[in-house]
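# Descriptive structure summary
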Amino acid sequence: VQLQASGGGLVQAGGSLRLSCAASGRTFSTTGMGWFRQAPGKDYEFVAAIDWIGGYTYYSDFVKGRFTISRDNAKNTVYLQMNSLKPGDTAVYYCASRRRTGVSLTTTASYDAWGQGTQVTVSS
């Protein structure tokens, strides 16, 4: 599976961005996708995830109510709509896909393929 992330940019606090992650290759072998982020000098941080079966979504506490993860099956693309952005959301955002079920959705080790990352910068 190959993943291509896009949609990052510079936005003022309170603004919105929509990230996209286009998947290609053996996408039928995946069970879901997730978004992580990494701020300078910090570890990867789970943001959101979606399961293909049932379309269940999961969010970290710090983005609940502000971010929405969704999928366009026809385009093999997962989106992360980010509203009410804060300076603390500044990071490189990565999308990732997983094949296994019954694993933790919030740990990077559960994911098999990663996109290249897209920079999100929120100014105060």
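Everything below is about the structure shown above.
For every chain, the first residue of the written sequence is number 1, and numbering continues from 1 along that sequence. Only residues with pLDDT of at least 70 get local features here, since the model is predicted, and only at 80 or more are side-chain atom pairs given and counted; chain-wide, interface and lining totals rely on the full set of residues. Only hydrogens and water are set aside when side-chain values are computed; all heavy atoms of the structure are taken into account.

### Quick word on the pairing of strand E8 (residues 77-82)
The criterion, for reference: Accessibility here uses a 1.4 Å probe with only protein chains present; expressed as a share of the type maximum, an area under 20% marks a residue as buried, one over 50% as exposed, and anything in between as partly exposed. Starting at the N terminus, helices and strands are each numbered in turn, a helix being any DSSP run of H or I of at least four residues and a strand any DSSP run of E of at least two. A strand pair is defined by DSSP finding two or more bridges across the two strands.
Counted residue by residue, E8 has five buried out of six residues, so it is predominantly covered. Bridge count between strand E3 (residues 17-24) and E8: six bridges; the pairing is antiparallel. Counterpart to Arg18 in the pairing with E8 is Gln81. Pairing between strand E7 (residues 67-72) and E8: six bridges, direction antiparallel. Within E8, the residue paired with Ile69 across the bridge is Leu80.

### Digging into the nonpolar core
A general tendency of soluble globular proteins is for nonpolar side chains to be buried together. Using the following cut-off: Side-chain atoms within 4.5 Å link the members of a nonpolar core, which is a set of buried Ala, Val, Leu, Ile, Met, Phe, Trp, Tyr and Cys residues.
The biggest cluster of nonpolar side chains holds 26 residues, and the ones touching the most others in it are Trp35, Val47, Phe67, Leu80, Met82 and Tyr93. Going through the elements one at a time, strand E1 (2-6), E3, strand E4 (32-38), strand E5 (45-51), E7, E8, strand E9 (91-98) and strand E11 (118-123) are the ones with two or more residues in this core. No other element matches E3, which puts four residues into this core. Grouped together as the second largest cluster of nonpolar side chains are six residues, Phe36, Ala49, Ala96 and Leu105 included.

### Digging into the state of the cysteines
To be explicit about the condition: The definition used for a disulfide is geometric: two cysteine sulfur atoms within 2.5 Å.
Tallied over the full model, the rule gives one disulfide. Across a sulfur-sulfur distance of 2.1 Å, Cys21 and Cys95 are joined as a disulfide pair. Classification of the bridge connecting Cys21 and Cys95 rests on its S-S torsion, roughly 65°, and on that basis the disulfide is right-handed. Residue Cys21 is located in strand E3, and its partner Cys95 is located in strand E9; the two are separated by 74 residues in the primary sequence. The class for Cys21 is buried, based on a relative accessible area of 0%. Overall, Cys95 belongs to the buried group, its relative accessible area being 0%.

### Topic: the sheet that holds E8
Short version of the rule: Only the stretch in contact is used when a helix axis is fitted, and all axes are lines through C-alpha atoms; the angle between N-to-C directions ranges over 0 to 180 degrees.
The four strands lie next to each other as E1-E3-E8-E7, forming an open sheet whose pairing is antiparallel. Of all strands in the sheet, those with a lone pairing partner are E1 and E7, marking the two edges. When the angles between neighbouring strand axes are averaged without regard to direction, this sheet yields 15°. In this structure, E1 lies alongside E3, joined through five bridges in antiparallel fashion. Counted as the bridge partner of Gln4 is Ala22 from E3.

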